[in-house]
Amino acid sequence: MGPLPRTLELFYDVLSPYSWLGFEVLCRYKNIWNISLQLRPTFIAGIMKDSGNQPPALLPRKAQYLRNDVRLLGQHVQVPVQFPKDFFSVILEKGSLSAMRFLTAVSMEHPEMLEKVSRELWMRVWSRDEDITEPQSILAAAEKAGMPSEQARGLLEKISTPKVKNKLKETTEAACKYGTSTDSAFHPSHTEHLLHHLPPCTNCSLQAFGLPITVAHLDNQTHMLFGSDRMELLAHLLGEKWMGPVPPATNARL
(Lines give C-alpha, C1' and ligand atoms only; values in the text may rest on other atoms or scores of the structure.)
Protein backbone atom coordinates (compact mmCIF):
# COMPACT_ATOMS: atom_id res chain seq x y z
CA MET A 1 0.00 0.00 0.00
CA GLY A 2 1.46 3.34 -1.11
CA PRO A 3 1.38 6.68 0.69
CA LEU A 4 -1.97 8.40 1.10
CA PRO A 5 -2.81 11.13 -1.44
CA ARG A 6 -1.94 14.66 -0.37
CA THR A 7 -4.91 17.01 -0.17
CA LEU A 8 -4.97 19.98 -2.53
CA GLU A 9 -7.74 22.57 -2.36
CA LEU A 10 -8.43 24.92 -5.24
CA PHE A 11 -10.34 28.06 -4.32
CA TYR A 12 -11.76 29.59 -7.49
CA ASP A 13 -14.39 31.82 -9.06
CA VAL A 14 -15.57 31.44 -12.66
CA LEU A 15 -15.24 35.21 -13.06
CA SER A 16 -11.46 34.72 -12.91
CA PRO A 17 -9.77 33.54 -16.15
CA TYR A 18 -6.61 32.68 -14.21
CA SER A 19 -8.73 30.41 -12.01
CA TRP A 20 -9.80 28.56 -15.16
CA LEU A 21 -6.21 28.05 -16.25
CA GLY A 22 -5.17 26.72 -12.85
CA PHE A 23 -8.30 24.57 -12.65
CA GLU A 24 -7.60 22.81 -15.94
CA VAL A 25 -3.95 22.15 -15.10
CA LEU A 26 -4.82 20.63 -11.73
CA CYS A 27 -7.62 18.55 -13.24
CA ARG A 28 -5.07 17.14 -15.72
CA TYR A 29 -2.65 16.22 -12.92
CA LYS A 30 -5.17 14.85 -10.41
CA ASN A 31 -4.73 11.31 -11.78
CA ILE A 32 -0.97 11.67 -12.37
CA TRP A 33 0.20 13.06 -9.05
CA ASN A 34 -0.61 11.38 -5.74
CA ILE A 35 -3.16 14.01 -4.74
CA SER A 36 -6.77 14.39 -3.71
CA LEU A 37 -8.08 17.52 -5.44
CA GLN A 38 -10.85 19.35 -3.62
CA LEU A 39 -12.66 22.07 -5.57
CA ARG A 40 -13.81 25.04 -3.46
CA PRO A 41 -16.20 27.50 -5.16
CA THR A 42 -15.35 30.94 -3.76
CA PHE A 43 -16.64 34.49 -4.26
CA ILE A 44 -13.81 36.63 -5.60
CA ALA A 45 -15.55 39.93 -4.80
CA GLY A 46 -15.60 38.89 -1.15
CA ILE A 47 -11.86 38.25 -1.16
CA MET A 48 -11.22 41.59 -2.85
CA LYS A 49 -13.28 43.39 -0.22
CA ASP A 50 -11.69 41.53 2.69
CA SER A 51 -8.13 42.15 1.47
CA GLY A 52 -8.63 45.71 0.21
CA ASN A 53 -7.47 44.59 -3.24
CA GLN A 54 -8.89 45.88 -6.53
CA PRO A 55 -9.45 44.11 -9.84
CA PRO A 56 -6.39 44.67 -12.07
CA ALA A 57 -8.68 45.80 -14.87
CA LEU A 58 -9.35 49.02 -12.95
CA LEU A 59 -5.81 50.17 -13.72
CA PRO A 60 -5.45 50.94 -17.45
CA ARG A 61 -1.90 49.62 -17.81
CA LYS A 62 -2.71 46.42 -15.96
CA ALA A 63 -5.89 45.99 -18.00
CA GLN A 64 -3.94 46.25 -21.24
CA TYR A 65 -1.38 43.74 -20.01
CA LEU A 66 -4.06 41.41 -18.67
CA ARG A 67 -5.76 41.00 -22.03
CA ASN A 68 -2.55 39.95 -23.77
CA ASP A 69 -1.37 37.83 -20.85
CA VAL A 70 -4.58 35.80 -20.67
CA ARG A 71 -4.56 35.28 -24.45
CA LEU A 72 -0.98 33.94 -24.46
CA LEU A 73 -1.50 31.80 -21.37
CA GLY A 74 -4.64 30.33 -22.88
CA GLN A 75 -2.64 29.23 -25.91
CA HIS A 76 0.12 27.82 -23.72
CA VAL A 77 -2.23 25.92 -21.39
CA GLN A 78 -4.54 24.95 -24.28
CA VAL A 79 -7.65 26.52 -22.79
CA PRO A 80 -9.92 28.39 -25.27
CA VAL A 81 -10.10 31.62 -23.29
CA GLN A 82 -11.38 34.77 -25.03
CA PHE A 83 -12.09 38.15 -23.46
CA PRO A 84 -15.78 39.14 -23.33
CA LYS A 85 -16.55 42.05 -25.62
CA ASP A 86 -18.07 44.10 -22.80
CA PHE A 87 -15.39 43.13 -20.31
CA PHE A 88 -16.08 45.80 -17.70
CA SER A 89 -19.80 45.05 -17.62
CA VAL A 90 -19.16 41.32 -17.18
CA ILE A 91 -16.55 41.76 -14.46
CA LEU A 92 -17.58 44.89 -12.58
CA GLU A 93 -21.35 45.08 -13.05
CA LYS A 94 -22.79 41.59 -13.55
CA GLY A 95 -20.33 39.62 -11.43
CA SER A 96 -20.61 35.95 -10.50
CA LEU A 97 -22.62 35.72 -7.27
CA SER A 98 -25.48 33.59 -8.64
CA ALA A 99 -23.11 31.32 -10.55
CA MET A 100 -20.91 30.74 -7.50
CA ARG A 101 -23.93 30.09 -5.30
CA PHE A 102 -25.09 27.54 -7.83
CA LEU A 103 -21.68 25.85 -7.84
CA THR A 104 -21.78 25.86 -4.06
CA ALA A 105 -25.12 24.05 -4.18
CA VAL A 106 -23.63 21.57 -6.66
CA SER A 107 -20.66 20.96 -4.36
CA MET A 108 -23.01 20.32 -1.43
CA GLU A 109 -25.42 17.95 -3.14
CA HIS A 110 -23.79 16.61 -6.31
CA PRO A 111 -20.01 17.05 -5.94
CA GLU A 112 -19.39 14.57 -8.74
CA MET A 113 -20.76 17.21 -11.16
CA LEU A 114 -18.77 20.16 -9.83
CA GLU A 115 -15.83 19.92 -12.23
CA LYS A 116 -17.99 19.70 -15.35
CA VAL A 117 -20.47 22.42 -14.35
CA SER A 118 -17.64 24.77 -13.35
CA ARG A 119 -15.98 24.23 -16.72
CA GLU A 120 -19.19 24.95 -18.62
CA LEU A 121 -19.70 28.22 -16.78
CA TRP A 122 -16.13 29.24 -17.68
CA MET A 123 -16.79 28.22 -21.29
CA ARG A 124 -19.82 30.48 -21.37
CA VAL A 125 -18.28 33.64 -19.95
CA TRP A 126 -14.61 33.25 -20.97
CA SER A 127 -14.84 31.45 -24.30
CA ARG A 128 -18.22 32.10 -25.93
CA ASP A 129 -18.97 35.50 -24.36
CA GLU A 130 -22.29 34.29 -22.95
CA ASP A 131 -24.15 35.28 -19.82
CA ILE A 132 -23.70 33.45 -16.48
CA THR A 133 -25.97 35.60 -14.31
CA GLU A 134 -29.49 34.77 -15.48
CA PRO A 135 -31.21 31.57 -14.28
CA GLN A 136 -31.60 30.20 -17.82
CA SER A 137 -27.90 30.77 -18.48
CA ILE A 138 -26.90 28.82 -15.38
CA LEU A 139 -29.33 26.03 -16.25
CA ALA A 140 -27.94 25.87 -19.79
CA ALA A 141 -24.41 25.42 -18.42
CA ALA A 142 -25.52 22.71 -16.01
CA GLU A 143 -27.42 20.81 -18.67
CA LYS A 144 -24.53 21.07 -21.14
CA ALA A 145 -22.33 19.57 -18.41
CA GLY A 146 -24.65 16.57 -18.32
CA MET A 147 -26.80 17.41 -15.31
CA PRO A 148 -30.46 16.40 -15.66
CA SER A 149 -32.76 19.39 -16.12
CA GLU A 150 -34.89 18.60 -13.09
CA GLN A 151 -31.81 18.24 -10.89
CA ALA A 152 -30.37 21.53 -12.12
CA ARG A 153 -33.64 23.37 -11.49
CA GLY A 154 -33.81 21.95 -8.00
CA LEU A 155 -30.34 23.25 -7.22
CA LEU A 156 -31.09 26.64 -8.75
CA GLU A 157 -34.05 27.02 -6.42
CA LYS A 158 -31.69 26.60 -3.47
CA ILE A 159 -29.17 29.34 -4.28
CA SER A 160 -31.14 31.92 -2.29
CA THR A 161 -31.38 29.73 0.81
CA PRO A 162 -29.36 30.62 3.94
CA LYS A 163 -27.65 27.21 3.80
CA VAL A 164 -26.11 27.83 0.38
CA LYS A 165 -25.42 31.53 0.98
CA ASN A 166 -23.63 30.77 4.25
CA LYS A 167 -21.60 27.95 2.72
CA LEU A 168 -20.23 30.23 -0.01
CA LYS A 169 -19.53 32.95 2.55
CA GLU A 170 -17.73 30.50 4.84
CA THR A 171 -15.61 29.08 2.02
CA THR A 172 -14.63 32.61 1.00
CA GLU A 173 -13.74 33.44 4.60
CA ALA A 174 -11.71 30.24 4.83
CA ALA A 175 -9.68 31.27 1.78
CA CYS A 176 -9.04 34.65 3.39
CA LYS A 177 -7.73 32.96 6.55
CA TYR A 178 -5.46 30.38 4.99
CA GLY A 179 -1.71 30.69 5.03
CA THR A 180 1.46 28.78 5.86
CA SER A 181 1.04 26.68 8.97
CA THR A 182 3.48 24.60 10.99
CA ASP A 183 0.81 23.75 13.53
CA SER A 184 1.45 20.17 14.67
CA ALA A 185 -2.27 19.75 15.27
CA PHE A 186 -3.00 20.30 11.57
CA HIS A 187 -4.77 17.61 9.60
CA PRO A 188 -6.34 17.56 6.08
CA SER A 189 -9.78 18.55 7.35
CA HIS A 190 -8.46 21.99 8.39
CA THR A 191 -10.84 23.71 5.97
CA GLU A 192 -13.80 22.10 7.68
CA HIS A 193 -12.56 23.55 10.97
CA LEU A 194 -12.49 27.01 9.41
CA LEU A 195 -15.85 26.51 7.79
CA HIS A 196 -17.34 25.63 11.15
CA HIS A 197 -16.00 28.84 12.71
CA LEU A 198 -13.22 27.26 14.76
CA PRO A 199 -10.15 29.45 15.32
CA PRO A 200 -7.61 29.47 12.47
CA CYS A 201 -4.10 28.16 13.03
CA THR A 202 -1.97 30.49 15.12
CA ASN A 203 1.04 30.36 12.79
CA CYS A 204 -0.69 31.45 9.58
CA SER A 205 1.28 34.26 7.93
CA LEU A 206 -0.35 34.59 4.50
CA GLN A 207 -3.89 35.52 3.53
CA ALA A 208 -5.68 35.43 0.20
CA PHE A 209 -5.90 38.63 -1.83
CA GLY A 210 -7.23 37.19 -5.09
CA LEU A 211 -7.94 33.95 -6.93
CA PRO A 212 -7.06 31.23 -7.72
CA ILE A 213 -5.61 29.99 -4.46
CA THR A 214 -4.17 26.48 -4.22
CA VAL A 215 -3.73 25.15 -0.70
CA ALA A 216 -1.46 22.13 -0.30
CA HIS A 217 -1.61 20.07 2.89
CA LEU A 218 1.75 18.36 3.35
CA ASP A 219 2.67 16.57 6.57
CA ASN A 220 2.18 19.20 9.28
CA GLN A 221 2.34 22.17 6.95
CA THR A 222 -0.15 24.15 4.89
CA HIS A 223 1.17 25.96 1.81
CA MET A 224 -0.93 28.61 0.07
CA LEU A 225 0.00 29.40 -3.53
CA PHE A 226 -1.58 32.27 -5.46
CA GLY A 227 -2.16 32.25 -9.20
CA SER A 228 -2.22 29.75 -12.03
CA ASP A 229 1.54 29.97 -12.66
CA ARG A 230 2.78 28.30 -9.48
CA MET A 231 2.27 24.71 -10.62
CA GLU A 232 5.98 24.00 -11.01
CA LEU A 233 6.51 25.19 -7.43
CA LEU A 234 3.56 23.05 -6.34
CA ALA A 235 5.18 20.01 -7.97
CA HIS A 236 8.38 20.78 -6.07
CA LEU A 237 6.49 20.95 -2.77
CA LEU A 238 4.74 17.67 -3.53
CA GLY A 239 7.91 15.95 -4.70
CA GLU A 240 6.15 15.20 -8.00
CA LYS A 241 7.30 15.58 -11.58
CA TRP A 242 6.22 18.68 -13.49
CA MET A 243 5.62 17.90 -17.16
CA GLY A 244 4.26 21.26 -18.24
CA PRO A 245 0.63 22.46 -18.31
CA VAL A 246 -0.39 19.70 -20.72
CA PRO A 247 1.15 16.43 -19.44
CA PRO A 248 1.56 13.77 -22.15
CA ALA A 249 -0.88 11.30 -20.60
CA THR A 250 -3.90 13.63 -20.72
CA ASN A 251 -6.39 14.81 -23.30
CA ALA A 252 -6.43 18.60 -23.06
CA ARG A 253 -9.09 19.18 -25.69
CA LEU A 254 -12.02 21.20 -24.32
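One can find the structure itself at the top, above this paragraph.
As a starting point, this report considers the structure included with it. Within every chain, residues take consecutive numbers counted from 1 along the sequence as written. Selection of residues for local features in this predicted model requires a pLDDT of at least 70, selection of side-chain atom pairs for listing and counting requires 80 or more, and totals for whole chains, interfaces and linings are taken over all residues. Heavy atoms throughout the structure, all of them, feed into the side-chain values; hydrogens and water do not.

Secondary structure is summarised from DSSP: a helix means a run of H or I of at least four residues, a strand means a run of E of at least two, and numbering begins at the N terminus for each. Within the chain one finds eleven helices and four strands. Burial classes follow relative accessibility: with a 1.4 Å probe on protein chains only, a residue under 20% of its type's maximum area counts as buried, one over 50% as exposed, and anything between as partly exposed. Classification of the 254 residues of the chain by burial places 49% in the buried group. Note on contacts: a residue pair is in contact if any heavy atoms of the two residues lie within 4.5 Å. The long-range fraction of contacts in the chain, counting pairs at least 24 apart against all pairs at least 6 apart in sequence, stands at 74%. All accessibility values rest on the Shrake-Rupley procedure with a 1.4 Å probe; residue burial counts only the protein chains present in the view. Carbon and sulfur atoms make up 51% of the accessible area of the chain, which totals about 12,700 Å².

A separate point is the packing of helix α2 (residues 44-51) against helix α9 (residues 162-177). Angular values range over 0 to 180 degrees, each being the angle between N-to-C directions of two axes fitted as lines to C-alpha atoms, with helices fitted over their stretch in contact. Contact geometry for α2 and α9: axes closest at 9 Å, N-to-C directions at 45 degrees. By the angle between their axes, α2 is oblique relative to α9. Classified by chirality, the crossing of α9 by α2 is right-handed. Each of Gly-46, Ile-47 and Asp-50 in α2 lies in contact with α9, whose residues at this interface are Thr-172, Ala-175 and Cys-176. For the contact of α2 with α9, a count of residues per class yields three nonpolar, two polar and one charged. Note that the term roughly parallel is reserved for angles under 35 degrees, roughly antiparallel for angles over 145, roughly perpendicular for angles of 65 to 115, and oblique for everything else. Crossing handedness follows the turn of the near helix against the far one: under a right angle anticlockwise gives a left-handed crossing, and clockwise gives a right-handed one. Residue type decides the class: Asp, Glu, Lys and Arg count as charged, Ala, Val, Leu, Ile, Met, Phe, Trp, Tyr, Cys and Pro as nonpolar, and the leftover types, Gly among them, as polar.

Turning our eyes to something else, we now look at the packing of aromatic side chains. Each pair of aromatic rings is reported with the distance of its centres and the angle of its planes. When the centres of two rings from Phe, Tyr and Trp lie within 6.5 Å, Trp using its six-membered ring, the rings pair. Their planes under 30 degrees apart give stacked, over 60 give edge-to-face, and anything left gives tilted. Applying the stated criterion across every chain, the model contains twelve aromatic pairs. Taking the centre distance of 5.2 Å and the plane angle of 85 degrees together, the rings of Phe-83 and Trp-126 count as edge-to-face. Of the two residues, Phe-83 is situated in the loop between α3 (60-77) and α4 (87-94) and Trp-126 in helix α6 (residues 114-126); the sequence distance between them amounts to 43 residues. One exposure class covers both Phe-83 and Trp-126, and it is buried. Ring centres 4.5 Å apart and planes at 45 degrees place the aromatic pair Phe-209 and Phe-226 in the tilted group. Of this pair, Phe-209 sits in the loop between α10 (190-195) and β3 (213-218) while Phe-226 sits in strand β4 (residues 221-226); the two residues are 17 residues apart in sequence, bridging distant segments of the chain. Overall, Phe-209 belongs to the partly exposed group, its relative accessible area being 36%. Judged by relative accessible area, which is 32%, Phe-226 ranks as partly exposed.

Residues grouped as a nonpolar core are buried Ala, Val, Leu, Ile, Met, Phe, Trp, Tyr and Cys residues, joined through side-chain atoms within 4.5 Å. Phe-102, Trp-126, Met-147 and Leu-234 are the most contacted members of the largest nonpolar core, which has 74 residues in total. Ranked by the residues each element gives to this core, the list is headed by helix α1 (residues 17-29), at eight residues.

Bear in mind that shape data such as this cannot, by itself, settle questions of function.
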